[in-house]
Each structure stands twice: as structure tokens, then as C-alpha cells.
Amino acid sequence: MKSLKIGDKVIYPNQGLGVVEAIHEEAYNGERFKVFNLRILSNNTLVTLPSASALELGIRRPMAEDSIRKIYQFMGNGDVDITTDWKGRYKEHLNLMKSGTLQDIATVLKSLYHLSLQKPLSFREKKMMEKAKELIVSEISEAAKVEEKLLGALSRSFKTAKPRIAA
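Our subject in this report is the structure included herewith. All values derive from a computational prediction rather than experimental measurement.

1. Things to note about the overall build of the chain
- Summing up its helical and strand segments, the chain has 6 helices and 4 strands in all.
- If you list the helices and strands of the chain from N to C, you get β-β-β-β-α-α-α-α-α-α.
- In terms of C-alpha radius of gyration, the chain reaches 20 Å, well past the compact-globule figure of 15 Å for 167 residues.
- The dimensions of the chain, computed from C-alpha atoms along their principal axes, are 65 × 55 × 30 Å.
- The burial tally for the chain puts 31% of its 167 residues in the buried class.
- Summed over its atoms, the accessible surface of the chain is roughly 11100 Å², and 55% of this surface lies on carbon and sulfur atoms.
- On the chain, the mean spot of the 27 positive side-chain charges and the mean spot of the 20 negative ones are 5 Å from each other.

Spelled out as C-alpha cells, the structure:
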């Protein structure tokens, strides 16, 4: 994570997609540390963290497009392993969410979605399922460069269009 530069996009576990807004050095107890300012896009929160803590916290770059296909394949197969005890299941899912890996978050979403088809989810599990879905969608849309592809398609579509003059 030492190679991050301003404008780079990263994934902050359980928070989502963020952008490096600033990099500076700070002194603490006579030592100098490189510090990142990350803007979490989903809630516009500014997070300041030492670069040495980035790896420990699970900060990582968004997944590549080819890795996203594996997530779709995982979500598409019907295998689900769900703990029947609510407390154990919630704790297990919470730990998976904290890990920050897309695979773990997909496991939580798939498990809770399957469970929601069987019975109503508790309030906490509904919130966790929504958070997992939000995190996956934000990372997939970043990895797939959805906005860029959409604008590129529009641009190609209207490349030869002639502007109309309104009457």
C-alpha cells in the first residue's frame, strides 16, 4: 500500500470504496509516518490512517474484472452452508464482513439471501445483507468501470449524430 498515490481507489473493509485524497507525513513520538486521507464514497467520510496500518486493516485495491467473474460463478452455484444457531451465524458473518475480501462478503450475501427465502431475517441480518450487497455492488461497478463503459457506449452511439436545431 506504500505505492498509493492521490486519486487511487481502494477498498476499506466493511466501509466500501474509497479514494486517496491526500498523502502527507506526520510526526508522533519523534518518528515520522506516512499518512493517507481516504474519502469513503458511500457516505462521504474522511478517514485518516497511517500507511503502516493500511495492510493490517485490510485496505486493498479493487478486484480486477476477471476476478469478478469468479464471484458471479460463486453466487450462481446453489451451494450454501448456513449455521442454524442465530448467534453463531451472526458472529461468523460479522467476521467475514470484517475480513473485507469480496469472496467473504459474497459468502455472507449468498447465505443471508438463501436464508431470507426460507424465513424472515432478523433486523440485524437484514441490515448486514443490505451492507454486503452495497459493498459488492460498489466494488463490482468500480472493477467493471461501469460508468466509463456506459459513457463510451453513448459516445460511440452518437458519434455521427447531427445536432438538431430546436424550433
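Continuing now.
2. Notes on empty space enclosed by the protein
- Using the criterion set out here, one finds 1 cavity of 30 Å³ or more in the structure.
- For the largest cavity, the calculated volume is near 40 Å³.
- Going through the elements one at a time, strand S1 (9-12) and helix H5 (123-143) are the ones with two or more residues in the lining of the largest cavity.
- A total of 3 residues in the lining of the largest cavity trace back to one element, the largest contributor, which is H5.
- Of the residues that constitute the lining of the largest cavity, the class distribution is 5 nonpolar, 4 polar and 1 charged.

3. Some thoughts on the nonpolar core
- Met97, Ile105, Val108, Leu112, Met128, Ala132 and Ile136 are the most contacted members of the largest nonpolar core, which has 20 residues in total.
- At the level of elements, helix H2 (65-76), helix H3 (86-99), helix H4 (102-118) and H5 are the ones that each hand at least two residues to this core.
- Filtering out sequence-adjacent residues up to four positions away, methionine 97 remains in contact with Asn14, Ile105, Val108, Met128, Lys131, Ala132 and Leu135.
- Counting residues in hydrophobic clusters, the runner-up holds 11 residues, among them Val10, Tyr12, Val20 and Phe36.

4. Examining the sheet that holds S1
- One open sheet accounts for 4 strands, arranged S1-S2-S3-S4; its pairing is antiparallel. Each edge of the sheet is formed by a strand with only one pairing partner; in this case those strands are S1 and strand S4 (45-50). Put simply, the sheet's adjacent strands are angled 45° from each other on average, direction ignored.
- Relative to S4, strand S3 (residues 31-40) runs antiparallel, the two being bridged by 6 bridges. Bridging from a neighbouring strand, valine 35 pairs with proline 50 of S4.

5. A look at unusual backbone geometry
- Located in the positive-phi region is asparagine 29, a residue other than glycine, with phi close to 55°.
- Position of asparagine 29 among the secondary structure elements: in the loop between strand S2 (16-28) and S3.
- Judged by its relative accessible area of 68%, asparagine 29 is exposed.
- Even without being glycine, asparagine 44 reaches a positive phi, approximately 60°.

6. Re the pattern of salt bridges
- A complete count under the given rule lists 9 salt bridges for this structure.
- Arginine 32 is paired through a salt bridge with glutamate 25; the nearest N and O atoms lie 3.1 Å apart.
- By relative accessible area, which is 55% here, arginine 32 ends up exposed.
- Salt bridges here are not isolated pairs; linked through shared partners, they connect Lys5, Asp8 and Arg61.

7. Remarks on the environment of glutamate 125
- With respect to the helices and strands, the residue glutamate 125 is situated in helix H5.
- Since its relative accessible area comes to 2%, glutamate 125 is described here as buried.
- Placed 36 residues apart in sequence, glutamate 125 and arginine 89 show a C-alpha to C-alpha distance of 9.5 Å.
- Each residue touching glutamate 125, except ones within four places of it in the same chain, is listed here: Trp86, Arg89, Tyr90, Leu112 and Leu115.
- There is a polar contact of 2.6 Å between the side chain of glutamate 125 and the side chain of arginine 89.

Procedures and definitions
Residues numbered from 1 in each chain as written. Predicted model: local features only at pLDDT ≥ 70, side-chain atom pairs only at ≥ 80, totals over all residues. Heavy atoms only, no water. Helix = DSSP H or I, 4+ residues; strand = E, 2+ residues; numbered from the N terminus. Rg over C-alpha atoms; globule rule 2.2 N^0.38 Å. Buried < 20%, exposed > 50% of the residue type's maximum accessible area, 1.4 Å probe, protein only. Areas by Shrake-Rupley, 256 points an atom, 1.4 Å probe, with all protein chains shown as cover. Lys, Arg positive; Asp, Glu negative; His and termini not counted. Charge placed at Lys NZ, Arg CZ, Asp CG, Glu CD. 1 Å grid on protein atoms, 1.4 Å probe; cavity = no way out; pocket = protein on both sides within 12 Å on 5 of 7 lines; lining within 4 Å. Points joined across faces, edges and corners; volume = space filled by probe spheres on them. Nonpolar A, V, L, I, M, F, W, Y, C, P; charged D, E, K, R; others polar. Core = buried A, V, L, I, M, F, W, Y, C linked by side-chain atoms within 4.5 Å. Contact = heavy atoms within 4.5 Å. Pairing = 2+ DSSP bridges. Axes fitted to C-alpha atoms, helices over the stretch in contact; angles between N-to-C directions. Salt bridge = Lys/Arg side-chain N within 4 Å of Asp/Glu carboxyl O. Polar contact = N/O pair within 3.5 Å; in protein donor to acceptor, adjacent residues only side chain to side chain.

No statement about biological role is implied by the geometric values presented.
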